[in-house]
Amino acid sequence: MTDSTDDYHFAEDYSLAPLIDDCNLLGSLLDDCLKSEVGTELFNKVERIRSLAQCAAQLQSKHDQGASRMLSQRMADELMNMSLDEAMPLTRALGHYLGLTSIAELHHRVRRARAEGKNPKSCDETFERLITEGVDPDDLYHEMTHQTVEIVLTAHPTQVNRRTLQYKHSKIAALLQQHDRPDLIPEERDQVLHDIMREITALWQTDELRRQRPTPVDEARGGLHVVEQSLWAAVPSFLRRLSAALKKHTGRELPLNATPIRFGSWMGGDRDGNPNVTAKTTHHVVALSRWMAADLYLREVDVLRFELSMSQCSDAVWVMATDIMEDNRHRDEVLDAHAEKLHMFTHAQQNDATKLPDGMVLGVRPGAATEVVALTSEASVCVPHELPGQDPEGGSEVNFGDGDSSTAATPREASGGGA
């Protein structure tokens, strides 16, 4: 057995200069933002508090306890004498400093892993170690293709940061990665810095707190946001790396029908002591999840339309494609017939009423009411007006059964898709 500590490195193995440069860059941009947002006087107080805290920590690390305690007490006295109007911006500023530092640290960790050229915890490294320790490649392939890991998503509001802030943090991290490119010309580098400054300013002007208690549906939207923004791309990427590592060490790829990772969900269905989670809530969340799944698949199909641009195919693929087109044509004909029938009984023109015998009204006949209800029953499901991820903090609802269904947004319209 190899020592697991081989995967760890000492701090002196890496240069911290890039991390320090990123922290200084983000900190200086936040300083510029604070000067324009809160004024020079309050910014000087924030800078003084931060300097006292840094000096006290440095003296503590150098075992100068007396000087450290003196600076800490001076900082405490200044904080206690602050008014609430001054303490709130100070607290927010220090919180944003820490948040930007965390972004820089994560970016530096990724940069360091890329510099090494390999990930010590990757599937490739793990399989290589197992085979070196005597695991048979066939046994390794069998276990990997037959194992199942189920990840259960919950909707409990344990995430402190709002989805809006998470999005802005991701944008800043992406811009920081772009700033590392050595091939940027000065004009492009200035534009990246301008974009980072804009995101930091928007971050400061965004409320960090949820001012309303989230409903179970809002919590479900937060969970689905994770699926859309992270899992939808991360899981296929991981499975491709897993398949490549299996082929390298066992000679066989991961089967197409293999599902080593499955997902479960409590969102909208956890009735353990929550009276707000009702059958209607569960139905709404399921409809929301199905809508998101359909929209995500539709986006992938749109991408495939341009990727699979070949004009020739095998006979088997051609037969499959024609069968699918025929099924779709038949389904469209059925839907058109239902829509025409529904229009006949719900949108009758008044000028045709004079052509009917006395005592009869167009669209009203024995059994007509029952048929209209049957035709509109499926359309009366309450679905979200906004797709998850389009409205950062949740959206409204629209009932397709009330009023004109033509005014309701479709998944393509809500996601910004057009003809």
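See above for the structure.
Residues numbered from 1 in each chain as written. Predicted model: local features only at pLDDT ≥ 70, side-chain atom pairs only at ≥ 80, totals over all residues. Heavy atoms only, no water.

### Considerations on the pattern of salt bridges
Keep this limit in mind: Basic side-chain nitrogens of Lys or Arg form a salt bridge, by our definition, when they fall within 4 Å of a carboxyl oxygen of Asp or Glu. When accessible area is computed with a 1.4 Å probe and restricted to protein chains, residues below 20% of their type maximum are described as buried, those above 50% as exposed, and intermediate ones as partly exposed. A run of H or I in DSSP becomes a helix once it reaches four residues, and a run of E becomes a strand once it reaches two; helices and strands are each numbered from the N terminus.
Applying the stated criterion across every chain, the model contains 18 salt bridges. With its nearest N and O atoms 2.9 Å apart, the salt bridge here joins Asp183 to Arg181. A relative accessible area of 40% places Arg181 in the partly exposed class. Between Asp218 and Arg221 there is a salt bridge, with the nearest N and O atoms lying 2.9 Å from each other. Taken as a pair, Asp218 and Arg221 lie in helix α9 (residues 216-250) at a separation of three residues, close to a single helical turn. On the basis of relative accessibility, which here comes to 4%, the residue Arg221 falls in the buried class. Three or more residues are tied together by salt bridges with common partners; here these are Asp22, Arg111 and Asp180.

### Quick word on the side chain of Asp22
Quick note on the threshold: We call two residues in contact when some of their heavy atoms are within 4.5 Å.
Positionally, Asp22 belongs in helix α1 (residues 17-38). What Asp22 contacts, discounting residues up to four positions off in sequence, is Ala104, His107, Arg111, Leu176 and Asp180.

### With respect to the nonpolar core
Our working definition: Residues enter a nonpolar core if they are buried and are Ala, Val, Leu, Ile, Met, Phe, Trp, Tyr or Cys, with the set joined through side-chain atoms within 4.5 Å.
One finds Leu26, Leu34, Tyr97, Leu100, Ile172, Ile196 and Ile200 to be the most contacted residues of the largest nonpolar core, which totals 31 residues. Of all the secondary structure elements, the ones that give two or more residues to this core are α1, α2 (40-61), α3 (65-80), α4 (84-116), α7 (163-179) and α8 (186-204). If we skip the residues at most four places from it in the chain, Ile196 touches Leu26, Leu29, Leu175 and Leu176.

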